[in-house]
Amino acid sequence: MLSFEFRQRCEAIAVNERHRLGLQSFDPLPAHTLAIDYNATLLTPTELPNAELKLAHWLESQSTWFAVIICQQPLTILYNPACSAARHQSNMMHEFGHVLLKHPMNELNTDTGVVIKNATHEREAAYLGACLQLPKRALEWAIQQGMCKEDICKHYTASEQMVQYRSRILRINLQ
């Protein structure tokens, strides 16, 4: 369970990132805007330098992975292009959650090829990613504007599950 203080910090980070980029606290924040601002390179498996084409196509056909930071300096994120726009937005915000929280990169077990993830870091990045995609102030604004769930999804490039999750966790009733 993430502490109340941590959750509040994430809401503040999401709003501060918008303000830093000249946006209002309720404006959508496209992941590509963050990528440009952080000088991040976003790559699909087929764009990965020196990747075997067969492996790259196999990775792109898999639905078991979404995105991963493959280098911190310079920031490089490998993503699965088969995801929907809403899923892509969520995936990128999760990865930027790791960046903003200054998490170290996950370790790779070289014997098995399995990535060893830190469960706490994953929960934290997931929560901050959700805040970046749809901060409390944005959800409140959308409700004030009379937006329904579908409108909110479109406006913030969010899945219905994300909008429901954020409204539930923030105790904000959707129309």
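Scroll up a little and you will see the structure.
If you're wondering where the values come from, they're calculated on a predicted model, not measured in any experiment. (Residues numbered from 1 in each chain as written. Predicted model: local features only at pLDDT ≥ 70, side-chain atom pairs only at ≥ 80, totals over all residues. Heavy atoms only, no water.)

## Things to note about the environment of Leu-134
Where we set the bar: We count a stretch as a helix when DSSP gives it H or I for four or more residues in a row; a strand needs E for two or more, and each element gets its number in order from the N terminus. In this analysis, two residues are considered to be in contact whenever any of their non-hydrogen atoms come within 4.5 Å of each other.
Structurally, Leu-134 is set in the loop between helix H5 (119-133) and helix H6 (136-144). As a C-alpha pair, Leu-134 and Leu-21 span 113 residues in sequence and 16 Å in three-dimensional space. For Leu-134, the residues in contact, after removing those within four places along its chain, are Leu-139, Ile-152, Tyr-156, Val-163 and Arg-166.

## Let's talk about the sheet that holds strand S3 (residues 75-79)
Condition: Paired strands, in this sense, are two strands between which DSSP finds at least two bridges. To obtain an axis, a line is fitted to C-alpha atoms, over the contacting stretch when the element is a helix, and the angle between two such axes runs from 0 to 180 degrees between their N-to-C directions.
The strand order across the open sheet formed by three strands is S1-S3-S2, and the pairing between neighbours is mixed. The two strands at the open ends of the sheet, each matched to only one other strand, are strand S1 (41-43) and strand S2 (67-72). Strand-to-strand twist in this sheet, taken as the mean axis angle between neighbours without regard to direction, amounts to 25°. Bridge count between S1 and S3: three bridges; the pairing is parallel. Each residue of the ladder has a partner; that of Leu-43, found in S3, is Leu-78.

## Focus: the pairing of S3
The cut-off we apply is this: Only protein chains enter the accessibility calculation, which uses a 1.4 Å probe. A residue is then buried if its area is under 20% of the maximum for its type, exposed if over 50%, and partly exposed in between.
Judged by how many residues are buried, S3 sits mostly within the fold: five of five residues are covered. Burial along S3 is two-sided: Leu-75, Ile-77 and Tyr-79 and Thr-76 and Leu-78, pointing in opposite directions, are all buried. As paired strands, S2 and S3 are joined by five bridges and run antiparallel to one another. Among the inter-strand pairings, Cys-71 is bridged to a residue of S3, identified as Thr-76. Where S2 hands over to S3, the hairpin turn is made up of two residues, counted between the paired strands.

## A closer look at helix H4 (residues 85-100)
So the rule is basically this: Between the first and last residue of a helix there are one fewer steps than residues, each counted as 1.5 Å, and that sum is the expected span.
Between its first and last C-alpha, H4 extends 22 Å over 16 residues, near the 22 Å set by a 1.5 Å rise per residue. Burial runs high along H4: 12 of the 16 residues are buried. Within H4 the residues assigned to the buried category are Ala-86, Gln-89, Ser-90, Asn-91, Met-92, Met-93, His-94, Glu-95, Phe-96, Gly-97, His-98 and Leu-100. Backbone geometry just after H4 places Lys-102 at a positive phi near 60°.

## A few points about the environment of Trp-65
Here Trp-65 shows up in the loop between helix H3 (53-61) and S2. If near-sequence neighbours (up to four positions away) are discounted, Trp-65 is found in contact with Pro-45, Leu-59, Leu-78, Tyr-79 and Asn-80.

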